[in-house]
Amino acid sequence: MTARVITITSGKGGVGKTTVTANLGVALALHRQRVVVIDADVGLRNLDVMLGLENRIVYDLVDVIEGRCRLRQAMVRDKRLPELFLLPAAQTRDKSAVQPADMVHICNELREQHDFILIDSPAGIEQGFRYAAAPADAILVVTNPEIAAVRDADRVIGLLEAEERGPIRLIINRLRPELVRRGEMLSVADVVELLAIELIGVIPEDKEIISAANRGEPLAFSKDSSQAGTAFHDIARRLLGEHVPFTPLREPGVLQRLFGFARSGGDQT
Amino acid sequence: MKGLKRLLGGEAEPPSGAIARERLRLVLAHDRTSISPALLETLKDEIIAVISKHVAIDANDVRVTFSQTARESRLVADIPLLNPRKRPASSE
Ligand SMILES: Nc1ncnc2c1ncn2[C@@H]1O[C@H](COP(=O)(O)OP(=O)(O)OP(=O)(O)O)[C@@H](O)[C@H]1O
Ligand SMILES: [Mg+2]
């Protein structure tokens with residue numbers, strides 16, 4: 001078996017690429033897949049803190065590229081999940097330190113011994129996006145149901161299609177079903193129709209994602225505790241070829257809306 | 001405010017999600033083709049000029065728009081021909 005390389009990108013910043021990469025990495029590893037997540041956001045490293053691995057970093061991506069260490073030495077193994085590895089970004093360098101060919105080499109070296117390589121792309125459509133996309137067999141474009149995020153996603157999809165890159169799939173993050181119901185937010189159907197690419201996941205807005213990031217413990221660790229956690233596992237299963245139907249998201253219950261903590265109740269939409 | 005306006009019988013504004021969808025439709029069409037709204041106007045004027053050299057058309061009703069199917073854009077010109085009988089008097 002040789003690994004599939006999947007790049008997570010978006011165009012617009014802050015839409016949830018790093019959150020998706022961390023949670024998908026965890027979800028796939030919980031499905032017994034051998035996963036490497038690569039933080040390609042050189043200079044703005046984040047994936048390490050989202051995964052709670054920041055204290056275990058010795059070397060980084062640029063150290064590997066510049067020959068200061070071997071690839072294996074830079075990879076941090078997650079003690080909670082032995083199938084999951086992180087290849088961290090350099091924090092004190094900039095994106096000119098990485099070329100597309102470097103990413104292709106690194107991924108080729110990793111393919112033999114892993115099932116999935118997930119690359120967390122930087123925002124934008126410049127060099128960082130280019131090298132992050134270079135080794136990809138498939139691309140996940142993350143967007144929010146908002147006008148600017150959808151527009152930027154369309155730009156990225158256009159660039160990738162012009163290069164005839166592998167399959168491109170859409171993830172809609174931070175959906176708020178109660179706003180969609182009132183007509184105050186673009187619906188899943190609207191975004192899919194506008195961008196005209198195949199959907200692979202819908203993740204609701206969920207405060208727990210922020211507390212999970214605070215703790216360095218992605219929601220996907222506890223699979224069924226929340227709709228967002230389940231959404232990440234559904235994407236992982238779809239990547240594994242399972243047919244997982246898209247079920248409508250429940251709206252937050254009254255308690256949750258009032259106090260913002262209850263995770264349980266909700267009315268089916 | 002919006003609710004109040006609606007109560008007072010003002011024009012019901014479509015919800016903002018629908019507005020976003022319609023605005024995006026246009027913005028994406030322009031982004032994808034790099035044809036600006038101004039260029040679209042120019043195209044329309046020149047199409048009218050060329051065609052009316054040969055056939056009588058209703059210049060006020062000409063529409064030049066984008067249509068999108070999946071990720072393919074096309075330019076659609078809808079050019080109503082003038083019914084010969086309705087032509088300006090001189091042609092009788
Ligand atoms: N579904 C969600 N519900 C609530 N908060 C979310 C959700 N997804 C992401 N966030 C929050 O949004 C912020 C940005 O997310 P993230 O860092 O994953 O975005 P990004 O696309 O990687 O950003 P950048 O472009 O800067 O790399 C974070 O604080 C994250 O916790
Ligand atoms: Mg990020």
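Look up: the structure comes first, before these words.
Fair warning: this is a prediction, and the values are worked out from it, not measured in the lab. (Residues numbered from 1 in each chain as written. Chains lettered and ligands numbered in written order. Predicted model: local features only at pLDDT ≥ 70, side-chain atom pairs only at ≥ 80, totals over all residues. Heavy atoms only, no water.)

(A) Geometry of the overall build of chain A. Looking only at helices and strands, chain A features 12 helices and 8 strands. Each principal axis of the C-alpha distribution contributes one length, and for chain A these read about 55 × 40 × 35 Å. Counting all 269 residues of chain A, 55% fall into the buried class. Excluding contacts between residues fewer than 6 apart, the proportion of contacts in chain A whose partners are at least 24 apart in sequence is 73%. (Helix = DSSP H or I, 4+ residues; strand = E, 2+ residues; numbered from the N terminus. Buried < 20%, exposed > 50% of the residue type's maximum accessible area, 1.4 Å probe, protein only. Contact = heavy atoms within 4.5 Å.)

(B) Just the pairing of strand β7 (residues 168-175) of chain A, in detail. Residues and elements named next belong to chain A. Here β7 lies mainly inside the structure; 6 of its 8 residues are buried. Bridge count between strand β6 (residues 138-143) and β7: 5 bridges; the pairing is parallel. Opposite Val 141, over in β7, you have Leu 170 as the bridge partner. In this fold, the crossover linking β6 to β7 by way of helix α7 (residues 147-162) has right-handed handedness. Summarising the sheet, β7 and strand β8 (residues 198-204) pair through 6 bridges and their orientation is parallel. (Pairing = 2+ DSSP bridges. Right-handed = clockwise from strand over helix to strand, strands pointing away.)

(C) Representation of the interface of chain B and chain A. Taken together, the contacts link 15 residues of chain B with 18 residues of chain A. Joining chain B to chain A, the criterion identifies 4 salt bridges. Close ionic contact of B:Arg21 with A:Asp190 constitutes a salt bridge, the shortest N to O distance being 3.1 Å. Between the two partners, chain B and chain A, sit 7 residue pairs in polar contact (both at pLDDT 80 or more). Split into classes, the residues belonging to the side of chain B that touches chain A amount to 7 nonpolar, 2 polar and 6 charged. (Salt bridge = Lys/Arg side-chain N within 4 Å of Asp/Glu carboxyl O. Polar contact = N/O pair within 3.5 Å; in protein donor to acceptor, adjacent residues only side chain to side chain. Nonpolar A, V, L, I, M, F, W, Y, C, P; charged D, E, K, R; others polar.)

(D) Main features of the site of ligand 1. All names here are of chain A. Around ligand 1, the surrounding shell holds 18 residues, and the nearest of these are Gly 14, Lys 17, Thr 18, Thr 19 and Asn 173. Within the backbone of Gly 16, one N or O atom sits 2.9 Å away from an oxygen atom of ligand 1. Taking Asn 173, its side chain carries an N or O atom lying 2.8 Å from a nitrogen atom of ligand 1. Its free accessible area being 630 Å², ligand 1 has 82% of it covered by the protein chains. (Near = heavy atom within 4 Å. Areas by Shrake-Rupley, 256 points an atom, 1.4 Å probe, with all protein chains shown as cover.)

(E) View of the packing of helix α1 (residues 17-30) of chain A against helix α11 (residues 227-239) of chain A. All names here are of chain A. Orientation of α1 relative to α11, taken along the N-to-C sense of each, is 65°, at an axis distance of 9 Å. For the crossing formed where α1 meets α11, the hand is right-handed. Contacts from Thr 19, Val 20, Asn 23, Leu 24, Ala 27, Leu 28 and Leu 30 of α1 reach α11 at Phe 232, His 233, Ile 235, Ala 236 and Leu 239. Grouping the constituent residues of the contact of α1 with α11 by class yields 9 nonpolar, 3 polar and no charged. (Axes fitted to C-alpha atoms, helices over the stretch in contact; angles between N-to-C directions. Left-handed = near helix turned anticlockwise from the far one by under 90°.)

(F) Looking closely at the packing of α7(A) against helix α2 (residues 16-33) of chain B. Their axes nearest at 10 Å, the elements α7(A) and α2(B) cross at an angle of 25°. Considered as vectors, α7(A) and α2(B) are oriented roughly parallel to each other. In terms of crossing hand, the pair formed by α7(A) and α2(B) is right-handed. Only B:Ala20, B:Arg23, B:Leu24, B:Val27, B:Leu28, B:Asp31 and B:Arg32 of α2(B) make contact with α7(A), whose side of the interface consists of A:Ile147, A:Val150, A:Arg151 and A:Asp154. A class-by-class count of the residues in the contact of α7(A) with α2(B) yields 6 nonpolar, no polar and 5 charged. (Parallel < 35°, antiparallel > 145°, perpendicular 65-115°, else oblique.)

(G) Summary view of the nonpolar core. Residues and elements named next belong to chain A. Judged by nonpolar contacts, the single largest core of 39 residues is most densely connected at Leu 51 and Ile 203. For this core, the leading source of residues is α1, giving 7 residues. Non-local contacts of Ile 203, meaning those with residues more than four positions away in its chain, are made with Val 20, Ile 171, Ile 172, Asn 173, Arg 174, Leu 175, Ile 209, Ala 228, Ala 231, Phe 232 and Ile 235. Phe 85, Leu 87, Ile 117 and Ile 119 belong to the second largest nonpolar core, which has 27 residues in total. (Core = buried A, V, L, I, M, F, W, Y, C linked by side-chain atoms within 4.5 Å.)

(H) Representation of unusual backbone geometry. Residues and elements named next belong to chain A. For Glu 164, which is not a glycine, the phi torsion comes out positive at approximately 50°. Topologically, Glu 164 is positioned in the loop between α7 and β7. Of note, Arg 174 is a non-glycine position whose phi angle comes to about 70°, a positive value. Look at Arg 174 and you get partly exposed, because its relative accessible area is 34%.

(I) Summary view of the pattern of salt bridges. Throughout the structure, instances matching the rule amount to 23 salt bridges over all chains. Here A:Glu66 and A:Arg68 are joined by a salt bridge, their closest N and O atoms 2.9 Å apart. Of the residues examined, A:Arg68 reaches a relative accessible area of 45% and is grouped as partly exposed. Among the ionic pairs, A:Arg169 bridges to A:Glu198, the shortest N-O distance being 3.6 Å. Remark: A:Glu198 occurs in strand β8 and A:Arg169 occurs in strand β7; sequence separation between them is 29 residues. One continuous salt-bridge network, built from bridges that share partners, spans A:Asp190, A:Glu193, B:Arg21, B:Glu22 and B:Arg25.

(J) Representation of the environment of A:Lys223 within the structure. Residue and element names in this part refer to chain A. Structurally, Lys 223 is set in the loop between α10 (207-215) and α11. Considering only alpha carbons, one finds Lys 223 and Leu 160, 63 residues apart in sequence, at a separation of 32 Å. Setting aside chain neighbours within four positions, we find Lys 223 in contact with Gly 229, Thr 230 and His 233.

(K) Quick peek at the environment of A:Leu239. Residues and elements named next belong to chain A. With respect to the helices, strands and loops of the structure, Leu 239 is situated in helix α11. Overall, Leu 239 belongs to the buried group, its relative accessible area being 8%. Once the C-alpha coordinates of Leu 239 and Ile 200 are considered, the two residues, 39 residues apart in sequence, prove to be 8.3 Å apart. What Leu 239 contacts, discounting residues up to four positions off in sequence, is Arg 4, Ile 6, Leu 24, Leu 28, Phe 116 and Ile 200.

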